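Single-letter residue listing:
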Amino acid sequence: MGQTVTEKIIARAAGLEAVRAGEIVEARVDLALANDVTAPLAIAEFEDAGFDKVSDPARIVLVPDHFTPNKDIKTAGQVKKVREFARKHGIAHFFETGRAGIEHVILPDMGLVAPGDLVIGADSHTCTYGAVAAFSTGVGSTDFAAAMAWGRVWLRVPQTIKFVYHGRPGRHVVGKDLMLHTIGMVGVDGALYKAMEFAGEAIEDLPIDGRFTMCNMAIEAGGKSGIVGFDKKTTQYLQSRPVGSRARTAGQVFASDPEAEYAQVVEIDAGAIRPTVAKPHLPSNTVPAEDLADVRIDQVVVGSCTNGRLADLQQAAEVLKGRAVHPDVRLIILPGSQEVFLAASRDGTMQALVEAGAAFSTPTCGACLGGHMGVLAAGERAVATTNRNFVGRMGDPESEVYLANPYVAAASAIAGHIATPDMVTTAKGGA
Amino acid sequence: MAFEGTVHKYGRDVDTDVIIPARYLNTNDPAELARHCMEDIDPGFVARVRPGDIIVAGENFGCGSSREHAPVAIRAAGVSCVVAASFARIFYRNAFNTGLPIVVCPHAAREIEAGDRVRVDVVEGRIEDLTTGKTYAAEAYPPFMRELVASGGLLPYVKKRLAEDEA
Ligand code: SF4
């Protein structure tokens with residue numbers, strides 16, 4: 001019987017010949033992740049349960065990113081707990097401010113994830129690493145505590161829904177639009193408990209950044225994981241990671257068998273997808289960006305684990321170069337990592353954005369969860385390249401978030417209302 | 001593993017915020033959390049609930065944040081198990097991991113009424129409404145889940161496993 005790539009990875013990690021959807025297995029964890037919100041609870045549970053050593057410090061990653069650089073005294077205390085735990089147990093992958101960034105950007109970028117890996121994380125967007133053909137999923141703090149002690153996780157093998165994207169996306173249509181469109185189609189629980197497998201010509205053409213964006217938002221469709229097949233683009237990306245890293249030296253490539261069993265196959269015409277925006281208060285509430293030109297905005301955020309990579313910042317800069325942010329709008333850029341920050345400062349991206357009137361932040365989750373670095377007041381409206389637009393997600397419960405790609409975010413920052421790049425370049429007489 | 005108790009009934013999409021409001025997340029103490037369980041959806045719940053009682057709810061029980069305080073609060077309030085039409089994915093994990101028995105049964109979730117006396121064999125998946133005399137079949141727990149529940153949650157289970165490996 002054929003197997004999906006997800007079933008093959010789980011079988012490998014569980015030390016089994018094959019697994020079937022629905023079956024429960026105990027799988028070895030190649031990497032377990034937690035952040036400054038979820039790690040403190042997991043550490044308390046680990047210690048209360050009487051564990052005194054971690055099974056393998058090299059397979060644990062701790063990333064303080066939500067409220068760092070430390071936002072206030074309380075969060076400073078939380079981060080301190082995580083730091084001290086990392087020191088005590090010899091956890092080298094503790095990422096300190098100044099050498100860090102958003103967990104889901106830095107784990108793959110630092111080469112910690114290899115294809116065929118099984119990764120769990122006490123953060124719902126852990127599904128991001130499917131872009132490098134790994135299985136990764138979000139769990140709770142107890143799962144993370146158990147993985148630290150035991151090196152394993154229990155998993156119910158998910159069924160897979162295959163999404164096949166035909167054709168070529170048009171101008172200014174990127175991974176974000178393919179994914180928002182998909183979530184709009186299937187709904188926020190359309191893939192509940194299931195793995196989302198992305199395939200088709202449009203995915204083959206999609207750069208690795210776009211693949212990260214798509215896998216990252218699998219959870220917004222209720223998915224357990226997202227995954228893209230391994231190809232030349234995956235190899236190129238992995239080979240560009242640090243010398244000696246897992247990305248370059250480890251891993252195993254799996255592919256879905258042609259006769260693999262899918263819960264459903266969804267065919268999508270990528271050529272028909274336009275730059276897409278999700279209106280408040282659900283990521284499935286999608287419409288073409290151009291239909292929202294009457295929505296005035298107060299703030300634009302470009303960043304997050306969804307769209308905080310170099311390509312995302314470059315797309316925003318492409319639109320903003322030589323133009324100015326609208327007087328009534330605040331544009332905030334949150335690069336995903338130190339590596340992204342540095343690259344953007346070297347290639348002129350940062351300069352173009354700052355000259356246009358953007359505030360350029362140090363890497364952090366910050367505004368994405370209404371934590372700091374750009375919280376919204378009551379009645380304010382933002383366009384953000386982030387992943388959730390729930391009530392109060394970026395600040396006051398009476399603020400609103402519209403989710404979009406970096407091109408649309410940048411164009412909206414110039415226009416003062418939701419706009420596509422074509423709308424702002426035409427207004428200036430064409431460029 | 002069977003439980004018998006009086007039913008507290010809720011609708012669909014009971015989220016983790018109403019199970020235990022965010023304002024009480026400054027503690028991990030189960031007894032303290034139990035005092036505020038279901039406060040924002042059913043303020044009388046804590047006064048009414050008796051040890052062993054059972055929650056019956058609609059689809060997507062436990063949706064929202066991944067906070068583990070939610071299953072912990074329910075269990076500490078004295079609830080023996082939760083029967084629902086479906087559970088949100090991370091709540092489902094967290095319930096087993098923190099030792100709260102849960103059963104998926106859309107049919108029972110629809111028909112059982114508040115105040116009914118119900119007997120639930122969570123392991124075998126047998127639900128009996130003693131008030132109406134009706135019985136319902138849910139999926140039996142796979143062996144792994146049986147062990148998890150019998151151990152009292154994931155960390156005690158892991159401890160046992162590690163001790164076995166050393167022996
Ligand atoms: S950037 Fe936003 S969604 Fe991503 S990990 Fe940080 S808070 Fe979560």
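Residues numbered from 1 in each chain as written. Chains lettered and ligands numbered in written order. Predicted model: local features only at pLDDT ≥ 70, side-chain atom pairs only at ≥ 80, totals over all residues. Heavy atoms only, no water.

Residues and elements named next belong to chain A. The domains assigned to chain A are domain 1 (5–268) and domain 2 (276–424). Summed over the three residues of domain 1 that lose the most area to domain 2, namely Ile102, His172 and Lys176, the buried surface amounts to 20% of that side. Applying the counting rule to domain 1 against domain 2 returns 22 residue pairs in polar contact (both at pLDDT 80 or more). When residues in the side of domain 1 that touches domain 2 are grouped by element, the largest group, six residues, is from helix H6 (residues 175–186). Tallied by class, residues from the side of domain 1 that touches domain 2 come to 13 nonpolar, 14 polar and 10 charged. (Domains from an automatic or database assignment. Buried area = accessible area lost by both parts, 1.4 Å probe. Polar contact = N/O pair within 3.5 Å; in protein donor to acceptor, adjacent residues only side chain to side chain. Helix = DSSP H or I, 4+ residues; strand = E, 2+ residues; numbered from the N terminus. Nonpolar A, V, L, I, M, F, W, Y, C, P; charged D, E, K, R; others polar.)

All names here are of chain B. On the surface, Glu147, Glu164, Asp165 and Glu166 cluster together into a negatively charged patch. For the negative patch, the element with the highest residue contribution is helix H8 (residues 154–166), accounting for three residues. Summarising the element assignment, Glu166 is placed in helix H8. (Patch = residues over 30% accessible without salt bridge, like charges linked within 9 Å, V, L, I, M, F, W, Y side chains within 5 Å. Areas by Shrake-Rupley, 256 points an atom, 1.4 Å probe, with all protein chains shown as cover. Salt bridge = Lys/Arg side-chain N within 4 Å of Asp/Glu carboxyl O. Lys, Arg positive; Asp, Glu negative; His and termini not counted. Charge placed at Lys NZ, Arg CZ, Asp CG, Glu CD.)

Right, let's get into the packing of aromatic side chains. Enumeration over the complete set of coordinates arrives at 16 aromatic pairs over all chains. Ring centres of Tyr165 of chain A and Phe198 of chain A lie 6.4 Å apart, and the angle between their planes is 45°; on these two criteria the pair is classed as tilted. Pair noted here: Tyr165 of chain A is in strand E7 (residues 160–166) and Phe198 of chain A is in strand E8 (residues 195–199), with a separation of 33 residues, a long-range link. Overall, the relative accessible area of 0% leaves Tyr165 of chain A in the buried class. For Phe198 of chain A, a relative accessible area of 2% translates into the label buried. Consider the rings of Phe144 of chain B and Tyr157 of chain B, whose centres lie 5.4 Å apart with planes at 85°: the pair is edge-to-face. Here the residue Phe144 of chain B occupies a position in helix H7 (residues 143–151), and Tyr157 of chain B occupies one in helix H8, the gap between them amounting to 13 residues. Tyr157 of chain B shares its class with Phe144 of chain B; the two are buried. Taken together, Trp150, Trp154 and Tyr193 of chain A together with Tyr92, Phe96, Tyr141, Phe144 and Tyr157 of chain B form an aromatic cluster joined through their ring pairs. (Phe/Tyr/Trp six-rings, centres within 6.5 Å; stacked < 30°, edge-to-face > 60°. Buried < 20%, exposed > 50% of the residue type's maximum accessible area, 1.4 Å probe, protein only.)

Residue and element names in this part refer to chain A. Around the ligand sit 13 residues in total, of which His125, Cys305, Cys365, Cys368 and Asn387 are the nearest. The set of elements that each furnish at least two residues to the shell around the ligand consists of helix H4 (103–109) and helix H11 (304–307). In terms of residue class, the shell around the ligand is made up of five nonpolar, five polar and three charged. In terms of domain composition, the shell around the ligand takes at least three residues from each of domain 1 (5–268) and domain 2 (276–424). (Near = heavy atom within 4 Å.)

Moving on, we get to the pairing of strand E1 (residues 2–9) of chain B. Residues and elements named next belong to chain B. Sheet topology note: the E1/strand E5 (residues 117–121) ladder contains five bridges and is antiparallel. Bridge pairing links Phe3 to Val120 in E5. Note: E1 against strand E2 (residues 54–57), three bridges, orientation parallel. Bridging from a neighbouring strand, His8 pairs with Ile55 of E2. (Pairing = 2+ DSSP bridges.)

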